[in-house]
Amino acid sequence: MKELPEGVRHLPGHFDPAAQEALLAEIRGIVAEAPLYVPAMPRTGKEMSVRMTNCGALGWVTDKERGYRYQDTHPVTGRPWPPIPAPLLSLWEELSGWPQPPEACLVNFYEISARMGLHQDRDEANLVAPVLSVSLGDACLFRVGGTSRGGPTMSFRLESGDVMLLEGPGRLRFHGVDRIHAGTSGLLKNGGRINLTLRRVTV
Ligand code: SIN
Ligand code: MN
């Protein structure tokens with residue numbers, strides 16, 4: 001097995017199939033209340049291939065006019081985000097080592113053809129608390145690099161039920177999703193991948 005870079009923690013199969021189903025049911029409830037929307041890049045307005053929504057006090061959003069930011073309401077419905085489900089709050093408590101609860105949970109939905117370019121998570125006022133993510137559905141090829149663009153990177157596979165943390169020296173590593181491996185999970189009837197990312201936003 002490849003050794004992961006410092007500050008990248010990967011917990012394969014942290015959620016068993018029953019727990020994955022339970023989480024998925026929570027996510028379905030969230031999406032019913034706060035529908036997936038099409039995020040767009042700042043300035044260019046180019047649409048991202050990933051569909052997004054959030055739960056928690058704050059949600060990460062992006063559009064052409066106002067760019068990357070956190071806000072307390074859904075950009076389409078104008079309503080507050082639904083609360084973060086209890087199993088995700090427990091997960092954060094168990095693994096983050098951070099004394100306060102997460103404020104944001106970004107829900108990313110990847111169709112088979114979707115991907116996410118290399119980027120850093122740095123829209124938070126708090127760049128010290130870890131970023132914790134859960135993968136559900138089809139596997140992906142996840143890429144992680146250093147803290148400056150253009151440096152060496154490595155990739156590994158994230159499967160349904162896996163948990164991953166970027167913490168300490170890993171918090172600001174560049175990362176992205178190269179591709180989704182179609183047909184690798186039966187969790188989502190129509191295939192695709194869901195990623196849940198928990199973050200502390202304020203200090
Ligand atoms: C993200 O960086 O927002 C998502 C990462 C992932 O889908 O695993
Ligand atoms: Mn990210």
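Everything quoted here is computed from the prediction, not taken from an experiment. (Residues numbered from 1 in each chain as written. Chains lettered and ligands numbered in written order. Predicted model: local features only at pLDDT ≥ 70, side-chain atom pairs only at ≥ 80, totals over all residues. Heavy atoms only, no water.)

## Observations regarding the overall build of the protein chain
- Along the backbone of the protein chain there are two helices and twelve strands.
- The linear arrangement of helices and strands in the protein chain, starting from the amino end, is β-α-β-β-β-α-β-β-β-β-β-β-β-β.
- Compactness check: the protein chain gives a C-alpha radius of gyration of 16 Å against a globular reference of 17 Å for 203 residues, within 12% of the reference.
- Residues classed as buried in the protein chain amount to 51% of the 203 residues present.
- Relative to all contacts within the protein chain whose residues are 6 or more apart in sequence, the contacts with residues 24 or more apart total 74%.
- As presented, the protein chain carries roughly 9400 Å² of accessible surface, and 54% of it is formed by carbon and sulfur atoms. (Helix = DSSP H or I, 4+ residues; strand = E, 2+ residues; numbered from the N terminus. Rg over C-alpha atoms; globule rule 2.2 N^0.38 Å. Buried < 20%, exposed > 50% of the residue type's maximum accessible area, 1.4 Å probe, protein only. Contact = heavy atoms within 4.5 Å. Areas by Shrake-Rupley, 256 points an atom, 1.4 Å probe, with all protein chains shown as cover.)

## A few points about the pattern of salt bridges
- Within the structure shown, the criterion is met by eight salt bridges.
- One salt bridge connects Arg9 with Glu167, and the closest N-O pair in it is separated by 2.9 Å. Highlighted residues: Arg9 in strand 1 (residues 8-11) and Glu167 in the loop between strand 10 (163-166) and strand 11 (175-181), separated in sequence by 158 residues.
- In this structure, the salt-bridge partner of Asp121 is Arg199, at a minimum N-O distance of 2.9 Å. Within this pair, whereas Asp121 is found in the loop between strand 6 (116-119) and strand 7 (131-137), its partner Arg199 is found in strand 12 (residues 193-199), the two being separated by 78 residues in sequence.
- On the basis of relative accessible area, Asp121 is assigned to the buried category, the value being 5%.
- One salt-bridge network, held together by shared partners, links Asp121, Glu124, Arg171 and Arg199. (Salt bridge = Lys/Arg side-chain N within 4 Å of Asp/Glu carboxyl O.)

## Describing the coordination of the manganese ion (ligand 2)
- Those donors, His119 (NE2), Asp121 (OD) and His175 (NE2), are the protein atoms that reach the manganese ion (ligand 2), and they lie 2.2 Å from it.
- Linear spacing of the donor residues for the manganese ion (ligand 2) on their chain is H-x1-D-x53-H. Taken together, the residues span a long stretch of sequence, with His119 in strand 6 and His175 in strand 11 at a distance of 56 residues.
- Accessibility expressed as a relative area gives 22% for His119, which makes it partly exposed.
- His175 sits in the buried class, given a relative accessible area of 8%. (Donors = N, O, S within 2.8 Å, 3.2 Å for Na, K, Ca; no water.)

## Side note on the sheet that holds strand 10
- Taken together, the six strands give an open sheet; going across it, the order is 1-10-7-12-5-2, and neighbouring strands pair in antiparallel fashion. Looking at the sheet topology across the chains shown, the edges are occupied by strand 1 and strand 2 (51-55). Going from strand to strand, the sheet's axes swing by 20° on average, the running direction of each strand aside.
- Across four bridges, strand 7 lies against strand 10 in antiparallel orientation. The residue of strand 10 that forms the bridge with Ser133 is Met164.
- Each of strand 1, strand 5 (104-110), strand 7, strand 10 and strand 12 is contacted by helix 2 (residues 86-95), which is oriented at about 130° to strand 7, the strand it contacts most. (Pairing = 2+ DSSP bridges. Axes fitted to C-alpha atoms, helices over the stretch in contact; angles between N-to-C directions.)

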